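# Per-entry structural report
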Amino acid sequence: MIQAFGLTSNPRKELPPAADDVSFEARAGRVTALLGAPGAGKTTVLRLMLELQQGRGFTYFRGRPLHRIAHPSREVGVLLGDVPGHPARTVRGHLRMLCAAAGVPVRRADEVLEAVGLVSLRDERLGALARGMDRRLGLACALLADPHTLVLDGPADGLSVRESHWLHGMLRAHAAQGGTVLFTTADPKEAARSADRVVTLEQGRLVADQEAVEFSRTRLRPRVAVRSPHAARLAALLAKQARTAQRSVEVVREGGNRLSVYGSTCAEIGETAFRHGIVVHQLADEIGDMGPGAGTVHADEPQGGSAPGLGKAGQAARELHRTDAAQSSADTIEIVRVEPDGTSAEAGHVTEAPGATVAPPAANDEPRPTLDAPKPTAVTADPDNADPLPALPAVPAAPVAVAVEPPRPAKLRPTADAAEPVTVEPLLPAGHAQPAAEPHERPDALSTGHASNVEAHPHETTTPRTFHPADTRTARTARTLDALPPLPPPISVRPAPSPLRPLRYEIRRAAGIGTGFITGAAVLVVSAVTAVVLARIGHTPQPRLLAAWPQELPLPPAALGAGLLGALAFGDEFRHPALAADGGTVPRRLGLLAAKLLVATATALMLAALTVGCDAEVLYLVYGRELAQVPADWLPLSASWIGLVVGCAWAGVLAAGVFRSTTAGLAAVAAVPLLVVPAVHKVLEGPSVRTAAGLPVRLREALLPRWPFGGERYLEAALSVVSQPVGGALTLSLTALLCAYLLTALRSRFR
């Protein structure tokens, strides 16, 4: 079960919030549709519910907010937009990677593939999927961890009728098993056909919360769509025929050559057009839509779509404002209505908001609402009898309902220069009517929302007082702020969850696409060609020859390749975020970082060994055994070589994680020899009073116990590598990047 209370997004400069005090429920075992036109705030409401956007309010999923759930993917399956994933990854590989992230067995991927009918496309690339197949894959990702609740944003957008029916059948099957389903749509017919309950949004506010049957009865209505070059003549004939037969027929001329006929059939309209020789280009049955506010109960009735805390006058003013806004931006249509008694309403021009709808007839022969429903009447005051009221100061918090007092007796009227006090009532939660005034209360008494004072003195009378405008404004402001209800709690953006099995996730992520294999092959080919060219030119030491590292390049190809693969480890996460539900933030957790560093280390070691082996084999084949011999000091050289390649891979991982870009990670790798090494050289070559001569001897004396298996030799080799300019510069760079990554991770966690 989903319970949403007071969801309100942050204001957008001078525009109203995209979601304003939205509260509703989605019960278990039922399908709930969140209906609204594009821009009504549906996606914003879902993002606020899932804590992906800042705002106010709170949402409970089976009694717990999402940030209190240990494993959110096992409770809520989410589909927002397209499936986030690398386009070169296969369908099965993508699901297997998400299995490791959700902590479920890998066989679950094959189970959901069979459930959504994608077994035949399991080896297809994500970038080659059609729209319908992409929706199926998105539903498979949402169902992967077997969640209780499904939250989907426009799952049927762009689908064919067949695919849409299949999708809603899957949602209905999930609800039949006791799950909760909430999806958004802009099509009222789809909502009425596929949902058990429909929640309607308009301009970010809740206007209706109805059962699907009630929604269909009050908002949808069958009609016949007609297109003819002689639309005016056909409309007159249909009206005349209905008047003769004494039938209730409504003909709406919607501009141009299009008519909408309510209360008739395609056969009758076609016969009328044929008898009078009128050409008809279109004749089809449709379902008309009366718009978001059709059939809703406002004001003091406890309806799900009613605005909380507004009295009758406030509701009337609000409806009048909506009507005026609709009349200022609508298209002009002409309505001809024929009543059953044979009378015909005078044809006139009225305005209808875009998307205005009409409701279907009820099953119990209830009267159908028509397009000429009475508009809300404005509540106006008599300027001769009204007292001058000072303007209320603006309160930036919640809206306040201002109730105008009834006329007071003549003997209690204040003087002409006095300000009339205004009763300020606090807003009540949705579904509660405003309390009526007590019988003993005088109309000129100031109501501050404290009912205890009235009950304590039921027979106490108040002497009328005269206030100056400034005093009245100050007192009213203080009482208004005291009467305001508390604001909903703020919503903080929830970081994307870290993979439950990060090492498996990273291995499947790296091996699921061919970028790493192509990069490794390119590095081996470039290294072999470079080694052959350097051997032909000569004057290159054998260690550099085996590493294919000319003096002119800052780094060998193997180190650059390892740095690129390390940068891709985090760069692909930010470019194709598979862990974030909205394709946004990527989790910066130490577990995920350790897994990426471990996989990058293994990749760098393989690349370093393969590079030296391939270069030695190529040199042996081209120039003989002389250039392929193993150097005498191979141990320190091997340590330096491995440290260089692994260090470049780590620098790429950390830099891409800090700067959120593959390019930035590769730039950080290249900056080590180009910027950091010259700086270290300059520091070491500068004048110094003391030197670190004899440091290895003192270290050997400090480490008195002998290490097993000659471990002191490896320690001495590591210190010698770090003492080199390149090793020292790489160590400094890695330390700085690691500190920056930890700082950003801790800052996001504190937020």
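Here the structure is a predicted model, which is why all the values come from computation and not from measurement. (Residues numbered from 1 in each chain as written. Predicted model: local features only at pLDDT ≥ 70, side-chain atom pairs only at ≥ 80, totals over all residues. Heavy atoms only, no water.)

## What to know about the overall build of the protein
Across its full length, the protein holds 22 helices and 18 strands. Counting over 751 residues, the protein shows a buried share of 41%. (Helix = DSSP H or I, 4+ residues; strand = E, 2+ residues; numbered from the N terminus. Buried < 20%, exposed > 50% of the residue type's maximum accessible area, 1.4 Å probe, protein only.)

## Here we look at the packing of aromatic side chains
The relative placement of two aromatic rings is captured by the distance of their centres and the angle of their planes. The final tally for this structure, using the stated rule, is five aromatic pairs. On the basis of an interplanar angle of 35 degrees and a centroid distance of 6.2 Å, the ring pair of Phe 570 and Phe 574 is categorised as tilted. In this pair, Phe 570 and Phe 574 are both assigned in helix 16 (residues 557-575), four residues apart and thus about one turn of the helix distant. Take Phe 570 and Phe 574: they sit in the same class, and that class is buried. (Phe/Tyr/Trp six-rings, centres within 6.5 Å; stacked < 30°, edge-to-face > 60°.)

## Observations concerning the confidence of the model for the protein
Looking at the protein, the pLDDT average stands at 75 and 66% of residues meet or exceed 70. Scored below 50 in pLDDT, residues 297-333 shows 67 contacts in the model against residues more than four places distant or in partner chains. The low-confidence segment residues 342-470, where pLDDT is below 50, has 194 contacts with residues more than four positions distant or belonging to other chains. (pLDDT = per-residue confidence, 0-100. Contact = heavy atoms within 4.5 Å.)

## Examining the pattern of salt bridges
Enumeration according to the criterion identifies 24 salt bridges in this entry. For Asp 196, the salt bridge identified is with Arg 172, shortest N-O distance 2.7 Å. On the criterion of sequence distance, the pair formed by Asp 196 in the loop between helix 6 (188-194) and strand 8 (197-202) and Arg 172 in helix 5 (residues 161-176) is long-range, its members being 24 residues apart. Take Arg 172: its relative accessible area is 30%, and that puts it in the partly exposed class. One salt bridge connects Lys 596 with Glu 506, and the closest N-O pair in it is separated by 2.7 Å. Here Glu 506 lies in helix 13 (residues 502-511) and Lys 596 lies in helix 17 (residues 590-623), a separation of 90 residues in the sequence. Across the pair, Glu 506 and Lys 596 agree in class, each one buried. Through salt bridges with shared partners, a single ionic network connects Arg 30, Arg 197, Asp 209 and Glu 211. (Salt bridge = Lys/Arg side-chain N within 4 Å of Asp/Glu carboxyl O.)

## Structural notes on the pairing of strand 4 (residues 55-61)
Of the two faces of strand 4, the one holding Gly 55, Gly 57, Thr 59 and Phe 61 is buried and the one holding Arg 56, Phe 58 and Tyr 60 is not buried anywhere. Both strand 1 (residues 2-9) and strand 4 contribute to a ladder of six bridges, which runs antiparallel. Following the sheet pairing, Ile 2 is matched in strand 4 by Phe 61. (Pairing = 2+ DSSP bridges.)

## Comments concerning the sheet that holds strand 3 (residues 31-35)
If you trace the six strands from one edge of the open sheet to the other, you get 5-6-7-3-8-9, paired in mixed fashion. At either end of the open sheet lies a strand with only one pairing partner, and these are strand 5 (76-80) and strand 9 (205-211). Sheet twist, expressed as the average angle between the axes of neighbouring strands with direction ignored, equals 15 degrees. Across four bridges, strand 3 lies against strand 8 in parallel orientation. Counted as the bridge partner of Thr 32 is Arg 197 from strand 8. Contacts from helix 1 (residues 42-49) reach strand 3, strand 5, strand 6 (149-153), strand 7 (180-185) and strand 8 within the one sheet, and its direction differs from that of strand 7 by about 145 degrees. (Axes fitted to C-alpha atoms, helices over the stretch in contact; angles between N-to-C directions.)

## Describing empty space enclosed by the protein
For the coordinates displayed, the defined rule picks out two cavities of 30 Å³ or more. Looking at the second largest cavity, its volume works out to about 60 Å³. Every residue along the wall of the second largest cavity is listed here: Gly 85, His 86, Arg 89, His 94, Met 97, Tyr 505, Arg 509, Asp 572, Glu 573, His 576 and Ala 578. Breaking the lining of the second largest cavity down by element, the ones donating at least two residues are helix 2 (91-102), helix 13 and helix 16. Considering only residue class, the lining of the second largest cavity consists of three nonpolar, four polar and four charged. (1 Å grid on protein atoms, 1.4 Å probe; cavity = no way out; pocket = protein on both sides within 12 Å on 5 of 7 lines; lining within 4 Å. Points joined across faces, edges and corners; volume = space filled by probe spheres on them. Nonpolar A, V, L, I, M, F, W, Y, C, P; charged D, E, K, R; others polar.)

## Things to note about the packing of helix 4 (residues 131-143) against helix 5
Close contact between helix 4 and helix 5 brings their axes to 10 Å; oriented N to C, the two are set at 10 degrees. The orientation of helix 4 with respect to helix 5, classified from their angle, is roughly parallel. In this structure, helix 4 uses Gly 132, Met 133, Arg 136, Leu 139 and Leu 143 to contact helix 5, whose residues at the interface are Glu 163, Trp 166, Leu 167, Met 170, Leu 171 and His 174. For the contact of helix 4 with helix 5, the residue count by class is seven nonpolar, two polar and two charged. (Parallel < 35°, antiparallel > 145°, perpendicular 65-115°, else oblique.)

## Details of the packing of helix 16 against helix 18 (residues 634-659)
It is the contact of helix 16 with helix 18, at a shortest axis distance of 7 Å, that shows an interaxial angle of 25 degrees. It follows that helix 16 is roughly parallel to helix 18 by the angle criterion. Regarding helix 16 and helix 18, the two cross each other, and that crossing is right-handed. In this structure, helix 16 contributes Ala 558, Ala 559, Ala 562, Gly 563, Gly 566, Ala 567, Ala 569, Phe 570, Gly 571 and Phe 574 to the contact, and helix 18 contributes Trp 641, Leu 644, Val 645, Cys 648, Ala 649, Gly 652, Val 653, Ala 656 and Gly 657. Partitioned by chemical class, the residues of the contact of helix 16 with helix 18 number 14 nonpolar, five polar and no charged. (Left-handed = near helix turned anticlockwise from the far one by under 90°.)

## What about helix 18?
Along its 26 residues, helix 18 runs 37 Å from first to last C-alpha, staying within 8% of the 38 Å computed at 1.5 Å per residue. Arg 660 lies just past helix 18 and shows a positive phi near 60 degrees. (Expected span 1.5 Å × (residues − 1).)

## Digging into the sheet that holds strand 1
Read across the open sheet, the four strands follow the order 2-1-4-18; overall the sheet is antiparallel. Two strands close off the open sheet at either side, each with one partner strand: strand 2 (22-26) and strand 18 (490-491). Judged from the two bridges that link them, strand 4 and strand 18 form a sheet pairing that is antiparallel. Within strand 18, the position partnered with Gly 55 by the bridge is Ile 491. The sheet strands contacting helix 1 are strand 1, strand 2, strand 4 and strand 18, and the helix crosses strand 1 at an angle near 115 degrees.

## Things to note about the side chain of Ser 9
Within the secondary structure, Ser 9 is located in strand 1. Discounting chain neighbours no more than four positions away, the residues touching Ser 9 are Pro 17, Ala 18, Ala 19, Thr 44, Leu 48, Gln 53, Gln 54 and Gly 55.

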